[in-house]
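Here are the chains, one letter per residue:
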Amino acid sequence: MKLHITQADYDALRAHGEETYPHECCGVMLGHAKDDGNHVAAIVRAGNTRTDSAHNRYNISPIELIKIQREGRKQGLDIVGFYHSHPDHPAMWSSTDFAEAHWFGCCYVITSVDKGKANLTNAFHLSGTTEDDKAFQQEEILITEAVGENA
Amino acid sequence: MKINIPTPLRAFTDKQATVEVNGATVQAGLDALVAAHPELKNHLFTPDGKLRSFVNVYLNDDDVRYLPAAEASAVSADDELTIIPSIAGGRTGRPGVSASRALCCR
């Protein structure tokens, strides 16, 4: 399983983390789930509602998520993942990320932003079907020039 | 009414993104959904029948938890229910270890 994403979307989600530094950015990845992994067709920036602790927490409001999902469906796209940044912290999921992860089958992308500059970007597939058997599996990020390549 | 199913729960609705159900209230609609797709029950509700804390249910654009009648709110055939799991996290907490392999961060 790999995460398929265009260079433009990959660069954009990393740039988002630089823009919101020292706060965490967050956003939604729209696309299609296929046998070889999730294919991203578009990313949508979302607001971080955790203004009380935006340097180390993020939350996307459900109504914003619903509106993104609605717009995606109009284009034939589903939510296939999410991204956020870790300011001055490794691009590794935390116990908080894991506890708050409920979108099975989706990909969670994390970018470390060190002193304002995007560093490492990692992708983790949330496997399992229940809260009891869920697990994050690191997956390769396959950069494509155009949506649908390597499909 | 139409119920929108999020991607992680479509494994339990025969891959359907939306499910049509009959019901006069939000609760009746959810009950009808679970009756049609029993595997959803454990994912939506706690053993004592309450919506799981990370499961949000919206009646059109309104969070059902904050409606005056909550799950007892009346619905019409034109209404839409949307089930949307929460999305949150952050760098607080101890770093995790990938199930497939540990990471070495540069």
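Quick summary incoming for the structure in this document. This structure is a prediction, so every number in the text was calculated from the model and none was measured. (Residues numbered from 1 in each chain as written. Chains lettered and ligands numbered in written order. Predicted model: local features only at pLDDT ≥ 70, side-chain atom pairs only at ≥ 80, totals over all residues. Heavy atoms only, no water.)

Looking at the interface of chain B and chain A
Quite often, the size of an interface is put as the accessible area lost when its parts meet. With 37 residues of chain B in contact, the opposing surface of chain A contributes 47 residues. Summed over both sides, the interface between chain B and chain A buries roughly 3700 Å², with carbon and sulfur atoms accounting for 56% of that surface. Remark: the boundary between chain B and chain A carries two salt bridges. The set of elements that each furnish at least two residues to the side of chain B that touches chain A consists of β3 (55-59), β5 (80-85) and β6 (87-89) of chain B. Across the side of chain B that touches chain A, the residue classes break down as 16 nonpolar, 15 polar and six charged. Pairing between strand β4 (residues 58-60) of chain A and β6(B): three bridges, direction antiparallel. Directly across from Tyr58(A), in β6(B), lies its bridge partner Gly89(B). (Contact = heavy atoms within 4.5 Å. Buried area = accessible area lost by both parts, 1.4 Å probe. Salt bridge = Lys/Arg side-chain N within 4 Å of Asp/Glu carboxyl O. Helix = DSSP H or I, 4+ residues; strand = E, 2+ residues; numbered from the N terminus. Nonpolar A, V, L, I, M, F, W, Y, C, P; charged D, E, K, R; others polar. Pairing = 2+ DSSP bridges.)

A closer look at the pattern of salt bridges
Residue and element names in this part refer to chain A. Under the defined criterion, the tally for this structure stands at 10 salt bridges over all chains. Between Glu-100 and Arg-57 there is a salt bridge; the shortest N-O distance is 3.5 Å. Of the two residues, Glu-100 sits in the loop between α3 (95-99) and β6 (107-114) while Arg-57 sits in the loop between β3 (37-46) and β4, which places them 43 residues apart along the sequence. The exposure class assigned to Glu-100 is partly exposed, which follows from its relative accessible area of 24%. (Buried < 20%, exposed > 50% of the residue type's maximum accessible area, 1.4 Å probe, protein only.)

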